[in-house]
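A closer look at the structure
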Amino acid sequence: MELRIDSAVLTDAVAWAARVLPARSPMPVLGGLLLEAADGGLRVSGLDHEASARVEVEADTAVEGRALVLGRRLLDICKVLPRGATELAVEGARLSVTSGDARFGLSLLPLDDYPAAPALPEVRGLVDGDAFAAAVGQVAVAAGRDDSLPVLTGIRLALDGATMTLAATDRYRYAVRTLEWKPEAGASEEGADVVVPARRLTEIARSLAGTGPARLALDSGSLGFESGGTRTTTRLLDGRLPRHDKLFALGEHALAVTERAPLTEAVKRVAVVAEGDSPVQLTFSPTALHLQAGYEDDVASQRLPATLTGPDSLTVAFNPGYLLDALGSLDAPEVRFHLLGPGQRALLTDGAKETHRHLLMSVKPLV
């Protein structure tokens, strides 16, 4: 194998494929990246037992061939390469990387021990990369971090006609986001309801931002995306997330509306006196919102304009971190609080369309 490629292009390709490499593995070859030079291009691939990534970029190929090298070591080298043309060549039992006056050598890993990459599942349709990345980011904040309950560390992805629903919960909050996608003609018309590891889906979604339409592929065991010269897959999690339909049906409730950005800054401000899980209290009236945090002499408060429809006043309190996550996931200028009362469910939405909804449990207000 021998080729010439721009160092920036090589670095981007290696960094993209290296995202799926395991931190540690009983199989050393899974720490490798597979480089394949052919047809005027370079393909860089990585995989572990849960995910795979492949990217194809243009390169001036002199000799076709394949090489497997330690991926993170190659990435470290790429990050310090001088700008400009870089030459890669297999020389005996190593891969040489030359850029300007800098030259590196990497030991080759045995190709025979490297597992075959998983095939892309059935392509089901197209989704806009930017819209998908934004939607995944909005719900991922509510995904669990406790690996003892694996399904709660995932994001639900449901397909129903031209509507995609993404959802995540850690039992204390629940985020749901809907967006449009385009089912592919001739693909399976059956809906889908799967759970994808949140960390993996977040990484994939970020990589799709700015790439335009992406092909979404799905079967009973894995989810995949293909966009431009990139392809990635990830395994699905077993199980199902709790249904959100009944949780989000609040019935008769109060509605409070305020500006999202000022509220976010106010929560950050008053929360500096909140120790541990000490809550931030929100007291709504027909024309104002009063925030308060802290106990005894260590207290903070701020007043903001707001509207309240229903009771003359209503007080709720939230974990400040959870509240800030919810506010940060919304993108509308106003935030709408659908409130049942103290210690009960509260639904935050991004406007009248309610394409993004974030459920929080309110806690006992301050005394």
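What counts, and at which threshold
Residues numbered from 1 in each chain as written. Predicted model: local features only at pLDDT ≥ 70, side-chain atom pairs only at ≥ 80, totals over all residues. Heavy atoms only, no water. Domains from an automatic or database assignment. Contact = heavy atoms within 4.5 Å. Buried area = accessible area lost by both parts, 1.4 Å probe. Salt bridge = Lys/Arg side-chain N within 4 Å of Asp/Glu carboxyl O. Polar contact = N/O pair within 3.5 Å; in protein donor to acceptor, adjacent residues only side chain to side chain. Pairing = 2+ DSSP bridges. Helix = DSSP H or I, 4+ residues; strand = E, 2+ residues; numbered from the N terminus. Axes fitted to C-alpha atoms, helices over the stretch in contact; angles between N-to-C directions. Phe/Tyr/Trp six-rings, centres within 6.5 Å; stacked < 30°, edge-to-face > 60°. Buried < 20%, exposed > 50% of the residue type's maximum accessible area, 1.4 Å probe, protein only.

Right, let's talk about the domain arrangement of the protein chain for a bit. Looking at the protein chain, the domain boundaries give domain 1 (2-107), domain 2 (123-245) and domain 3 (250-361). In this structure, domain 2 and domain 3 have C-alpha centres spaced 28 Å apart. Across the contact, twelve residues belong to domain 2 and twelve residues belong to domain 3. Interface area, domain 2 with domain 3, both sides summed: about 1,100 Å², of which 46% is carbon and sulfur. Considering only the side of domain 2, the residues that lose the most area to domain 3 are Q138, Y172 and R173, jointly responsible for 47% of the buried surface there. Run the count over domain 2 and domain 3 and you get one salt bridge. R173 is the salt-bridge partner of D325, the closest N and O atoms lying 2.8 Å from each other. In this structure, the connection of domain 2 to domain 3 is made through six residue pairs in polar contact (both at pLDDT 80 or more).

Moving on to the sheet that holds strand β19 (residues 254-259). An order of β15-β11-β12-β13-β27-β26-β25-β19-β23 is seen for the nine strands of this open sheet, with the pairing classed as antiparallel. Edge strands, defined here as strands with exactly one partner in the open sheet, are β15 (192-197) and β23 (307-309). With strand direction ignored, the average angle separating the axes of adjacent strands in the sheet is 20 degrees. Judged from the five bridges that link them, strand β11 (residues 154-160) and strand β12 (residues 163-169) form a sheet pairing that is antiparallel. Residue pairing across strands places L157 opposite L166, the latter belonging to β12. Docked against the sheet, helix α7 (residues 320-329) engages β13 (173-180), β25 (334-339), β26 (345-349) and β27 (356-361), running at close to 175 degrees with respect to β27.

Let us look at the sheet that holds strand β5 (residues 60-63). A sheet is described by the order of its strands in space; here five strands give the open sequence β5-β1-β7-β8-β9, paired in antiparallel fashion. Taken across any chain shown, the strands that pair with only one partner, and hence form the sheet edges, are β5 and β9 (102-107). Here the average twist between neighbouring strands, direction ignored, is 20 degrees. Each of β1 (2-6) and β7 (85-91) touches helix α1 (residues 7-18); the most contacted strand, β1, lies at about 100 degrees to it. Running at roughly 175 degrees to β9, helix α2 (residues 71-79) makes contact with β8 (94-99) and β9 of the sheet.

It is worth spelling out the packing of aromatic side chains at this point. The final tally for this structure, using the stated rule, is five aromatic pairs. The interplanar angle of 45 degrees and the centroid separation of 5.1 Å between the aromatic rings of F132 and F225 together place this pair among those described as tilted. A residue pair is termed long-range when its members are at least 10 positions apart, and F132 in helix α3 (residues 129-140) and F225 in strand β17 (residues 222-227) qualify at 93 residues. Each member of the pair, F132 as well as F225, is classed as buried. Each ring, one from F284 and one from F337, has its centre 5.4 Å from the other, and the planes form 50 degrees; the classification is tilted. Here F284 is found in strand β20 (residues 280-284), whereas its partner F337 is found in strand β25, with 53 residues between them in sequence. F337 matches F284 in its accessibility class, with the two residues each being buried.

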